[in-house]
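So the chains spell out like this:
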Amino acid sequence: MQALKELTSHMRERPIQLRQMKEAGTKIVGYFVGDYVPEEMIYASGAVPLCLCHGGDPMPANVALSATTRFLCPFSRAQYGERLLGEQAYYKLVDMLVDPITCQHLRRAGDLWDYYTDVPVFRLGIPHEYNGEDALNYYVEASRRLKTSLEELTGKPITDEALREAIDLYNRMRSLLKGISLTKQKPNPPITELEFIKLNHASMYADPVFMVEALESIYQEIKDKDGEAAAPDVPRLLLVSPNIAYGDYKILELVNEAEGMIVAEEICEGVRFYWENVKGDGDLVEAIARRNLKERLPCAFMRDSTMPRLDFISGLLKQFNAVGVIWYQLLYCDTYDIESFFFTKEMQRMGIPVLKLESDYDILDRGTLRTRIETFIETIRVR
Amino acid sequence: MKKFLELCGFEPAEIDAELPRIQKVFDMFGINQEDIERGKDRINKFWDPELKGLAKIRGLARRELVDTILAREENKINVCASLPSATTDILNAASFHSDNVRATYPDVLVLMVMGYLFDKLDPILEAAEEHFLRPGAAQCSLLQVRLGLNVLGLYPKCDLLMSMGSLCDALPKCDEALGLYFNIPVHYINCCQDRGADWEDLYRSKDFYTNEIKKAQKKVSEVVGFEVDNDKVNEARRIRRDAAIYANNIFDLVVNSDPVPMSAACLQYIRIFRAMPVGRKTQDGLNEANKLLFEEIQERVNRGVGVVEKGAPRILYAPLVSLADPSITNMIEELGIAIPLSEDSILVPDGELRPQMDERGRGEDPWEKVAYALIQRSIEASVPMRIRAITGAVKRYHLDGVLNLFHYSCRYFAGDPLILKDAVEKATGVPVMVLEGDMYDPRFYTAEQLRTRVEAFGEMLRAAKVAHK
């Protein structure tokens, strides 16, 4: 696939390109995952939005233990550890960090940046209530303060015209990701879940205009195509997780190796939520906020989010013809852990087997995970 | 049992009247003779048994727990909540106005009685671990207590569960799950933690929080069947005033005296009772008990009597003293370290004990004052504000060190201890010790495990004190 080759080349060059932009005066704004930071606004400010989402490697998570305790999830620790290690260029380039106040883990990652680095941190208030007007108003006001901070950083006002363009660009990106994702509904998907997630992750760091073009080409190329015929007994699975980081591909690889097929995902952090776009032409800041808070699926840290998430996941199972769920959570992710108990029981009631896996990014857990995944897939196969 | 109740400040007539109800609740919790004997031993060891005011407070906790557990079968409308205390005024207004309403924090009461007194939380914690708060995942033991009570059928099924969403994520998530499993209506009170180093951020949070508390007021009114209006709230505040004033006087005496006249664990009991809603009868008892206790503590101060020697090193204990297990702070005091202050008493910006009420922070609205006071608490503050509050308290109260025994299973408190240590040591020059512990589950972190490290810390503090002289 030519577009994929070009994207790979772009990703290889991207850190160098960003460094050159930075040296030429362009500001680089990093932000944490979860789809609550209005990246459209960062883009419209003339700064480069970078969604920091590396994970899966035990080293950065462990390095961060010099500054925090082991009870933060490994992903959150890695967000500071990467900066401390300095091996990932993206984490070194950031001129400002936007920390969405979502779960306590990511909140603390922002605190670590705030205390130990010289990068200014903007704490973006996310009320943990997705369906209330008061909460929306609070979030809109927080977004407006972010807008002011970005304008101060770049020295340029964010015009409605620029914001509209940015919204259109990111809407297009989400629509294309959705289109590509939906191709996995086919009996023989033309793209694997691992490839899709890698594409999704690329969209966090790539130049958005380039990314949209790449996605457009990829979509056009695969939309009417079938993949290699899978064996008839390959179980189609859904992946549910609080977080799949850039580099945390262990589970996806192990499922592939065990000859299972993940066909869809419901992931709060790390993977861009592409099912809903920003709508409306009035107050654009409010339109973005409405999409991010009310119109997207709430993460588990939100109040009363269990049932909407269960409904959404049940819908995905049907749409993608999946017969089992892999629930992959990170160690000490408290809200997903609480939810998993209820979720597993509800899935059992629906006759859907669930495999719950947990990771601290430890390289040694690969063998254990492999055995459990192989057994799970085998169990589904013989049902 | 009668002897035990006497130790809890019960008068003989009260014992005769209350014994059947107390026995019933103790039977439900499986409290047997062995537990009663252990309770007596713990009173003697941890409770300053000669303080009569404290004995009465022990008895009030017992009464409050009994009234709460039996509320459902005594046909009361049952409204439950938990700390932090944003709902205290609302719930007191409702329960003081009508005998038909029981409104309190049941899990806190269970910690105070079954944990602190009897050391019998294990069956409750284990029940929770078999449900959705599994072991090995660092799930909060306070929430395990709440869940375990429901699983064992000990929690009085409530008509409304007020869930505090102003601090951690796990508490509201746990309450949501309780709602789903046990069919309990849940109402959330949220606040956003986007505050940084600027006081301006507090105003913003205060407005949001105020509105949330007002929504809770409406919700409680719907459930109890009468309007919990501001007049009722003000009346409830008037009824509680004496207890609050005497509690504050006790805190002032403790922090300003050398030797420190009262143990940190007992002080925490007073602090929590001041913050939580109780029944009217208990409140009247509390008003009297706090007055008596204040007089007793004043008398101790006059005589120069303390729980540690005069001149002992003084520390700030962060973030808060356990409600379920007095043995850790007791061990620290046994090692000759005084704990005149815990972080949950101090406020931003500079470690004061009384909230700042400026023009913008306090409008006409009484709820604004509640919200503003709550978000000024150091333990609810942002990291930069918390650093400033602890630093301020160390300087203001001439403390020799800080001991941060963070609740390992609380994501809210487990994220920043090393930042606090680094910043406070740099700003004050006093040592900060960080220990990992569990505030509500005595099974994994015991006083004896921590003793060696605290001993070394104590030596360091003493040496620094001598060097300073």
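The structure under discussion appears in the preceding block.
Since the structure is predicted, the reported quantities are computational estimates derived from the model, not experimental observations. (Residues numbered from 1 in each chain as written. Chains lettered and ligands numbered in written order. Predicted model: local features only at pLDDT ≥ 70, side-chain atom pairs only at ≥ 80, totals over all residues. Heavy atoms only, no water.)

J.: Would you mind showing me how to read the overall build of chain B here?
T.: On a plain count of helices and strands, chain B comes out with 19 helices and eight strands. C-alpha atoms of chain B, sized along the principal axes, occupy 65 × 50 × 45 Å. The buried share of chain B, taken over its 469 residues, is 67%. Taking all contacts inside chain B whose residues are at least 6 apart in sequence as the whole, residues at least 24 apart take part in 79%. Carbon and sulfur atoms provide 50% of the accessible area of chain B, an area that totals close to 16,000 Å². Side chains of chain B carry 60 positive and 71 negative charges; the gap between the two charge centres is 2 Å. (Helix = DSSP H or I, 4+ residues; strand = E, 2+ residues; numbered from the N terminus. Buried < 20%, exposed > 50% of the residue type's maximum accessible area, 1.4 Å probe, protein only. Contact = heavy atoms within 4.5 Å. Areas by Shrake-Rupley, 256 points an atom, 1.4 Å probe, with all protein chains shown as cover. Lys, Arg positive; Asp, Glu negative; His and termini not counted. Charge placed at Lys NZ, Arg CZ, Asp CG, Glu CD.)

J.: It is not clear to me how the packing of helix H4 (residues 74-85) of chain A against helix H6 (residues 104-116) of chain A should be interpreted in this structure. Could you clarify?
T.: The angle between the axes and the distance between the axes are what describe a pair of packed helices. Residue and element names in this part refer to chain A. In the contact formed by H4 and H6, the axes pass within 8 Å of each other and the chain directions differ by 20 degrees. As summarised for this structure, H4 and H6 are arranged roughly parallel, according to the angle between their axes. In this structure, the crossing between H4 and H6 has a hand that is right-handed. Note on element contacts: H6 touches H4 through His105, Leu106, Ala109, Leu112, Trp113 and Tyr116, opposite Phe75, Ser76, Gln79, Tyr80 and Arg83. (Axes fitted to C-alpha atoms, helices over the stretch in contact; angles between N-to-C directions. Parallel < 35°, antiparallel > 145°, perpendicular 65-115°, else oblique. Left-handed = near helix turned anticlockwise from the far one by under 90°.)

J.: What is the right way to look at the pattern of salt bridges in this model?
T.: One side chain can pair with another of opposite charge once the charged atoms of both are near each other. Tallied over the full model, the rule gives 85 salt bridges over all chains. Where Glu18 of chain B meets Arg21 of chain B, a salt bridge forms, and the shortest distance between an N and an O atom there is 3.2 Å. You can see Glu18 of chain B and its partner Arg21 of chain B sitting in helix H2 (residues 12-28), three residues apart, about one turn around the helix. Taking the shortest distance from any N to any O, the salt bridge between Asp35 of chain B and Arg38 of chain B comes out at 2.6 Å. Of this pair, Asp35 of chain B and Arg38 of chain B both sit in helix H3 (residues 33-46), three residues apart, roughly one helical turn. The network of salt bridges with common partners includes Arg108, Asp111, Asp114 and Arg123 of chain A together with Glu343, Arg386 and Asp416 of chain B. (Salt bridge = Lys/Arg side-chain N within 4 Å of Asp/Glu carboxyl O.)

J.: Quick question: what am I supposed to make of the interface of chain A and chain B here?
T.: Many authors give the size of an interface as the accessible area that is lost as the parts come together. Chain A puts 50 residues into the contact, and the matching count from chain B is 53 residues. Counting the surface chain A buries against chain B, the share from its top three residues, Tyr138, Arg303 and Ile338 of chain A, is 17%. On the surface where chain A and chain B come into contact, there are seven salt bridges. Residue Glu358 of chain A pairs with Arg134 of chain B through a salt bridge whose shortest N-O separation is 2.8 Å. (Buried area = accessible area lost by both parts, 1.4 Å probe.)

J.: Could you clarify how one ought to interpret the state of the cysteines in this entry?
T.: Linking two cysteines covalently via their sulfur atoms produces the bond known as a disulfide. This structure, assessed with the given rule, holds one disulfide over all chains. A sulfur-sulfur distance of 1.9 Å marks the disulfide that ties Cys268 of chain A to Cys299 of chain A. Between Cys268 of chain A and Cys299 of chain A the disulfide shows an S-S torsion of about 100 degrees. By sign, it is right-handed. Here Cys268 of chain A is found in strand E6 (residues 261-269), whereas its partner Cys299 of chain A is found in the loop between helix H12 (284-295) and helix H13 (306-319), with 31 residues between them in sequence. The exposure class assigned to Cys268 of chain A is buried, which follows from its relative accessible area of 5%. We note that Cys51 of chain A lacks a disulfide partner, and the nearest cysteine sulfur, in Cys53 of chain A, lies 4.9 Å from it. This cysteine, Cys8 of chain B, is not joined by any disulfide, and Cys266 of chain B carries the nearest cysteine sulfur, 12 Å off. (Disulfide = S-S within 2.5 Å.)

J.: Is there a simple way to think about the sheet that holds strand E1 (residues 77-80) of chain B in this case?
T.: Two modes of strand pairing occur in sheets, parallel and antiparallel, and in both the strands are linked by backbone hydrogen bonds. All names here are of chain B. Spatially, E2-E1-E3-E4 is the arrangement adopted by the four strands of the open sheet, whose pairing is parallel. Looking at which strands have only one partner, the edges of the open sheet turn out to be strand E2 (101-104) and strand E4 (186-190). If you compare each strand with its neighbour and ignore which way they point, the axes differ by 15 degrees on average. Across five bridges, strand E3 (residues 160-165) lies against E4 in parallel orientation. Among the inter-strand pairings, Met162 is bridged to a residue of E4, identified as His187. (Pairing = 2+ DSSP bridges.)

J.: Can you walk me through the packing of aromatic side chains in this structure?
T.: One pair of aromatic rings is described through two measures. These are the centre distance and the angle between the planes. Under the counting rule described, the total for this entry stands at 33 aromatic pairs over all chains. Here the aromatic rings of Tyr43 of chain A and Tyr170 of chain A are separated by 6.0 Å at their centres, their planes lie at 80 degrees, and the arrangement is edge-to-face. Taken as a pair, Tyr43 of chain A in helix H2 (residues 39-44) and Tyr170 of chain A in helix H8 (residues 160-182) lie far apart in primary sequence, 127 residues in all. Here Tyr170 of chain A falls in the buried class, since its relative accessible area comes to 3%. Between Tyr138 of chain A and Phe208 of chain B, the aromatic rings sit 4.8 Å apart at their centres with planes inclined by 50 degrees, giving tilted as the arrangement. With one member in each of two chains, Tyr138 of chain A in helix H7 (residues 133-154) and Phe208 of chain B in helix H10 (residues 199-224) form a pair that bridges those chains. Judged on exposure class, the residue Tyr138 of chain A and its partner Phe208 of chain B are both buried. Joined through ring pairs, the aromatic side chains of Phe196, Phe273, Tyr274, Trp275, Phe312 and Phe320 of chain A make up one cluster. Positioned over the ring face of Phe273 of chain A is Arg296 of chain A, at 5.0 Å from the centre of the ring. (Phe/Tyr/Trp six-rings, centres within 6.5 Å; stacked < 30°, edge-to-face > 60°. Lys NZ or Arg CZ within 6 Å of the ring centre and 35° of its normal.)

J.: How should I be thinking about the sheet that holds strand E1 (residues 28-32) of chain A in this particular structure?
T.: Residue and element names in this part refer to chain A. With parallel pairing, the four strands of this open sheet are ordered in space as E2-E1-E3-E4. In this open sheet, the two strands that pair with only one neighbour each are strand E2 (48-52) and strand E4 (121-124). Strand-to-strand twist of the sheet, defined as the mean angle between neighbouring strand axes without regard to direction, takes the value 25 degrees. Pairing between strand E3 (residues 96-100) and E4: four bridges, direction parallel. Across the sheet, the residue bridging to Leu97 is Val121, located in E4. Across the sheet, H6 is in contact with E1, E2, E3 and E4; its angle to E3 comes to roughly 155 degrees.

J.: Explain H12 of chain A to me, please; I cannot follow it from the model alone.
T.: Within an α-helix, residues lying three or four positions from one another point in the same direction, as the helix has 3.6 residues per turn. Residue and element names in this part refer to chain A. Taken together, the buried positions of H12 are Leu284, Val285, Ala287, Ile288, Ala289, Arg291, Asn292 and Leu293. Structurally, H12 contributes buried residues whose contacts are with H2, H7 and H8. Residue Asp283 occupies the N-cap position of H12, its side-chain oxygen lying 3.1 Å from the main-chain nitrogen of Val285. (Polar contact = N/O pair within 3.5 Å; in protein donor to acceptor, adjacent residues only side chain to side chain.)

J.: Explain unusual backbone geometry to me, please; I cannot follow it from the model alone.
T.: Generally, phi is negative for residues other than glycine and the peptide bonds are trans, each holding for most cases. Residues and elements named next belong to chain B. Between Leu83 and Pro84 the backbone carries a cis peptide bond, its omega angle lying at -5 degrees. Along the chain, Pro84 turns up in the loop between E1 and helix H5 (88-97). In the Ramachandran plot, Ala138 falls in the positive-phi region, its phi being about 50 degrees despite a non-glycine side chain. Inspection of the secondary structure puts Ala138 in the loop between helix H7 (122-129) and helix H8 (141-151).

J.: Quick question: what am I supposed to make of the nonpolar core here?
T.: Looking at soluble globular proteins, one finds that nonpolar side chains tend to be buried together. Counting residues in each nonpolar core, the largest one holds 291 residues, and the members touching the most others are Trp113 of chain A together with Phe29, Met114, Tyr209, Met262 and Phe273 of chain B. Of all the elements, helix H11 (residues 230-256) of chain B adds the most residues to this core, at ten residues. Excluding residues that lie within four positions of it along the chain, Trp113 of chain A makes contacts with Phe32, Leu52, Gln79, Tyr80, Arg83, Tyr91, Val94, Leu97, Val119 and Val121 of chain A. In terms of nonpolar packing, the next biggest core, distinct from the first, is built from 19 residues, Tyr317, Val321, Leu335 and Ala447 of chain B among them. (Core = buried A, V, L, I, M, F, W, Y, C linked by side-chain atoms within 4.5 Å.)

All we've got here are geometric facts, nothing functional implied.
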